[in-house]
Amino acid sequence: MPPRLERARRVGLTLVLALAAALAAEQLHLPLPWMIGPLLATAACGMAGLKPASSNRLRNAGLWMIGVALGLYFTPSVMALLLPLAPALLVGIGWAFLMAYGFYRLLLRVNGGDHASAFFSAAIGGASEMALLAERHGGRVDRVAAAHSLRVLLVVVLIPFGFKLAGIHGIDPTAPALQEVRPLGLALLLAASAAGMALLALLRAPNPWVLGALLVTLLITAAGVQLSALPKAASNAGQLFIGVALGSRFTVDFARSAPRWLAAVAAGTLAMIAASAGFAWLLAHLVGLHPATVLLGTTPGGIAEMSITAKVLQLGVPVVTAFHVTRYIAVLTLTAPLYRWLRARAAARPG
């Protein structure tokens, strides 16, 4: 069989598996069934050597749907409520860099003094961008990619299950601008968001699939224009595609590569989740938000994954999204300069 057809076959079989896992997770009332079911099923098959495959095009389509779904929450009234939270968002950025520094020091101890690999593995967000920066500074791309994959998987699984066990659901609900699906309005919304993605891709902006769709949909919604809701099936498909993309990173080779490194990543991630819980409780009481909402906004997960969690669990979607988008931009902008500053400072020390 030609390689292209073989890959298409593997992607198709993986999607069938993912759909079955999502439906089973839904029947079992698991949290985030359309993302966690496919993620765990795909990861389990990969670790067993069955070689599931994901499609970058489907993953990007999933990110597109999630970006649109999130943007629909930013109504004029929500935007007015977010403006006073700007200081809290800045504090959240500072917390992310503080966590990352502690994580970096931990990883450095088990990585034989490889500062580049440890530093860019510890950054909270931008996995592909951090891997590229690590390569530019002499780090190991495989270890950086493995660290980000494992961190995101642990956060995506542990936080929703922890909330479910604690009965945290619907505490901070926010409704999208419109509940009705309007075919013409939906077509216009998808066309506009696609144009936003294309523009950011042309400008070589990071993660244009989420950010482009989110930004355009946010601007339309914040202006009070109500085109259409997003069909639930589209949102579920987006979660499934993202779950498959995350799960397919876990292979037999992944499990066998540098077990001490992966153990340190797991331990550091668990420590960051625990520390974020305490930080979220304190910040939430200072700014008048629910601690669960702030935890989703400040925990070391990704934009799409944590915002999906907030959407499904009805926990302050606009606030969580705002925390992650501002942090993501700050991480991409400041991580490389901070690394160069730290290395220059270390080189300047006597002895």
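This structure is a prediction, so every number in the text was calculated from the model and none was measured.

(A) Geometry of the pattern of salt bridges. As enumerated under the stated definition, the model contains 3 salt bridges in all. Where E6 meets R9, a salt bridge forms, and the shortest distance between an N and an O atom there is 2.9 Å. Here E6 and its partner R9 are both found in helix α1 (residues 3-27), 3 residues apart, which amounts to about one turn of the helix. R9 gets classed as partly exposed once you look at its relative accessible area, which sits at 40%. Between R140 and D142 there is a salt bridge whose closest N-O contact spans 2.9 Å. By relative accessible area, which is 39% here, R140 ends up partly exposed.

(B) The side chain of R327, seen in detail. For R327, the position within the fold is in helix α16 (residues 317-348). An unpaired buried charge is present at R327: no salt bridge exists, and E305, the closest side chain of opposite charge, is 8.1 Å distant. The contact partners of R327, leaving out residues within four places of it in the chain, are I93, A96, I124, G297, T298, T299, P300 and G301.

(C) Fine view of the nonpolar core. Of all hydrophobic cores here, the largest spans 88 residues; its most connected members are L107, F120, F163, I242 and L296. Excluding its chain neighbours within four sequence positions, the residues that come into contact with F120 are M130, L133, A134, H137, V144, H148, T335, A336 and Y339. Residues L72, L186, L189 and L230 belong to the second largest nonpolar core, which totals 12 residues.

(D) Structural context of the layout of surface pockets. As a volume, the largest pocket reaches approximately 940 Å³. Contributing to the lining of the largest pocket are 40 residues, with R59, A127, S128, N207 and R249 lying nearest its centre. Breaking the lining of the largest pocket down by element, the ones donating at least two residues are α3 (56-71), α7 (127-136), α8 (141-166), α9 (183-202), α10 (208-222), α11 (232-247), α15 (303-313) and α16. Per element, the largest residue contribution to the lining of the largest pocket is 6 residues, and it comes from α8. A per-class count over the lining of the largest pocket returns 19 nonpolar, 13 polar and 8 charged. Each pocket or cavity is described by its volume, and for the second largest pocket that value is around 740 Å³. Mapped by element, the contributors of at least two residues to the lining of the second largest pocket are α2 (33-47), α8, α11 and α15. Considering every element that reaches the lining of the second largest pocket, the biggest residue donor is α11, with 4 residues. A per-class count over the lining of the second largest pocket returns 18 nonpolar, 8 polar and 4 charged.

(E) Looking closely at a nonpolar patch on the surface. Side chains of W281, L282, L286 and V287 sit close together on the surface and give an oily, nonpolar patch of about 420 Å² of accessible area. Along the chain, the position of L282 falls in helix α13 (residues 259-287).

(F) Local environment of the side chain of S235. Take S235: it is sitting in helix α11. Reaching out from S235, the side chain makes a polar contact with the side chain of K311 at a distance of 3.4 Å. In this structure S235 touches I66, L230 and K311, once residues within four positions along its chain are discounted.

(G) Looking closely at α8. Under the 1.5 Å per step criterion, the end-to-end length of α8 is 37 Å for 26 residues, consistent within 8% with the ideal 38 Å. Remark: G167 follows α8 within two positions and exhibits a positive phi of approximately 70 degrees.

(H) Fine view of the confidence of the model for the protein chain. Mean pLDDT over the protein chain works out to 91, with 99% of the residues at or above the 70 mark. Mean pLDDT per element in the protein chain: helix α12 (residues 252-256) is the minimum at 81, and α9 is the maximum at 96.

(I) Summary view of α15. A large share of α15 lies buried, amounting to 9 of its 11 residues. For α15, every residue scored as buried is listed here: I303, A304, E305, M306, S307, I308, T309, A310 and L313. Of the residues trailing α15, Q314 is marked for its positive phi of about 55 degrees.

(J) Just the packing of aromatic side chains, in detail. Counted under the stated rule, the structure contains 7 aromatic pairs. Measuring from centroid to centroid gives 5.4 Å for F119 and F120, while their planes differ by 85 degrees, and the two rings are edge-to-face. Overall, F120 belongs to the buried group, its relative accessible area being 0%. Judged by its relative accessible area of 10%, F119 is buried. Pairwise contacts between aromatic rings join Y101, Y104, F119, F120 and Y339 into one cluster.

(K) Looking closely at unusual backbone geometry. One non-glycine residue, R204, adopts positive backbone phi at about 60 degrees. With respect to the secondary-structure elements, R204 resides in the loop between α9 and α10. Among the residues examined, R204 registers a relative accessible area of 77% and is labelled exposed.

(L) Focus on a positive patch on the surface. A surface patch of positive charge is lined by R105, R109, R345 and R349. Within the secondary structure layout, R345 lies in helix α16. By relative accessible area, which is 46% here, R345 ends up partly exposed.

Calculation criteria
Residues numbered from 1 in each chain as written. Predicted model: local features only at pLDDT ≥ 70, side-chain atom pairs only at ≥ 80, totals over all residues. Heavy atoms only, no water. Salt bridge = Lys/Arg side-chain N within 4 Å of Asp/Glu carboxyl O. Helix = DSSP H or I, 4+ residues; strand = E, 2+ residues; numbered from the N terminus. Buried < 20%, exposed > 50% of the residue type's maximum accessible area, 1.4 Å probe, protein only. Lys, Arg positive; Asp, Glu negative; His and termini not counted. Contact = heavy atoms within 4.5 Å. Core = buried A, V, L, I, M, F, W, Y, C linked by side-chain atoms within 4.5 Å. 1 Å grid on protein atoms, 1.4 Å probe; cavity = no way out; pocket = protein on both sides within 12 Å on 5 of 7 lines; lining within 4 Å. Points joined across faces, edges and corners; volume = space filled by probe spheres on them. Nonpolar A, V, L, I, M, F, W, Y, C, P; charged D, E, K, R; others polar. Patch = residues over 30% accessible without salt bridge, like charges linked within 9 Å, V, L, I, M, F, W, Y side chains within 5 Å. Areas by Shrake-Rupley, 256 points an atom, 1.4 Å probe, with all protein chains shown as cover. Polar contact = N/O pair within 3.5 Å; in protein donor to acceptor, adjacent residues only side chain to side chain. Expected span 1.5 Å × (residues − 1). pLDDT = per-residue confidence, 0-100. Phe/Tyr/Trp six-rings, centres within 6.5 Å; stacked < 30°, edge-to-face > 60°. Charge placed at Lys NZ, Arg CZ, Asp CG, Glu CD.

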